[in-house]
Amino acid sequence: MTELVTDLATDLATGSTDRPEADRADLADAFKSGFRRQPNGVALVACATPDGPVGLTASSVASVSADPALLSFSVLRSSVSGATIAGAGGGAVYLLGEQHADLAAAFATRGAERFTAAQGWTTRPGQEGGLPALPDALATFWFDHHQVIPAGQAWLVLASVTAVDLGPGEDPLVHHDRHFRRIS
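**Focus on the packing of aromatic side chains**
- Considering all chains together, one arrives at six aromatic pairs under this definition.
- Consider the rings of F107 and W121, whose centres lie 6.0 Å apart with planes at 45 degrees: the pair is tilted. Pair noted here: F107 is in helix 4 (residues 101-107) and W121 is in the loop between helix 4 and strand 7 (122-123), with a separation of 14 residues, a long-range link.
- When its relative accessible area of 2% is taken as the criterion, F107 is described as buried.

Here it is, written out as structure tokens:
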């Protein structure tokens, strides 16, 4: 059993398998196509840096445990924002509602404006200079990193939730087949 866990951990970190490269590329394409058929909730993940907040759109946010409160998300290792977030000591996950389609698209586009007042961002009370608040997010999870795990082309971040701000109970925004969609 220990050998199996060690082999799995090595495969997760390196993305290695015993498959030839052409088979791996075909499998990767089929894998992505398959998951495009699965709708996912849309969130923004952000952290504070000395140069201001950094954030990205994520559809990989998941609840892990209620006690202790843990959530997870993944970020690509090739993403500058992803590397910054994975390396930060903590941050926030903002769950987006159907009204946030343009905001999600902006955070998914390299070089687009982010964290502007026109997008609905405000200063979190008592946190001037830190991460901003998005008052109309369905929920905001403030977190400290618990563990960052290399996983193929990504990092899996396990985050310890320190506070939760609940926003309006509106319909969520989902990502399906490369598009942001409303449920209703």
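**Points about the environment of E113**
- Tracing the backbone shows E113 in the loop between helix 4 and strand 7.
- Setting aside residues up to four positions removed in sequence, E113 forms contacts with A106 and Q119.

**Observations regarding the pairing of strand 5 (residues 69-76)**
- As paired strands, strand 4 (residues 62-66) and strand 5 are joined by four bridges and run antiparallel to one another. Looking across to strand 5, one finds that S65 is bridged to L70.
- Turn length for the strand 4-strand 5 hairpin, with the two strands adjacent in sequence and antiparallel, is two residues.
- Here strand 5 runs beside strand 10 (residues 154-166); their pairing, made up of seven bridges, is antiparallel. Bridge pairing in strand 10 places L71 opposite A159.

**A closer look at the side chain of S72**
- Inspection of the secondary structure assignment puts S72 in strand 5.
- On the basis of relative accessible area, S72 is assigned to the buried category, the value being 13%.
- Ignoring any residue separated from it by four or fewer positions in sequence, one finds S72 in contact with S60, V61, A62, V64, L156, V157 and L158.

Rules used in this analysis
- Residues numbered from 1 in each chain as written.
- Predicted model: local features only at pLDDT ≥ 70, side-chain atom pairs only at ≥ 80, totals over all residues.
- Heavy atoms only, no water.
- Phe/Tyr/Trp six-rings, centres within 6.5 Å; stacked < 30°, edge-to-face > 60°.
- Helix = DSSP H or I, 4+ residues; strand = E, 2+ residues; numbered from the N terminus.
- Buried < 20%, exposed > 50% of the residue type's maximum accessible area, 1.4 Å probe, protein only.
- Contact = heavy atoms within 4.5 Å.
- Pairing = 2+ DSSP bridges.

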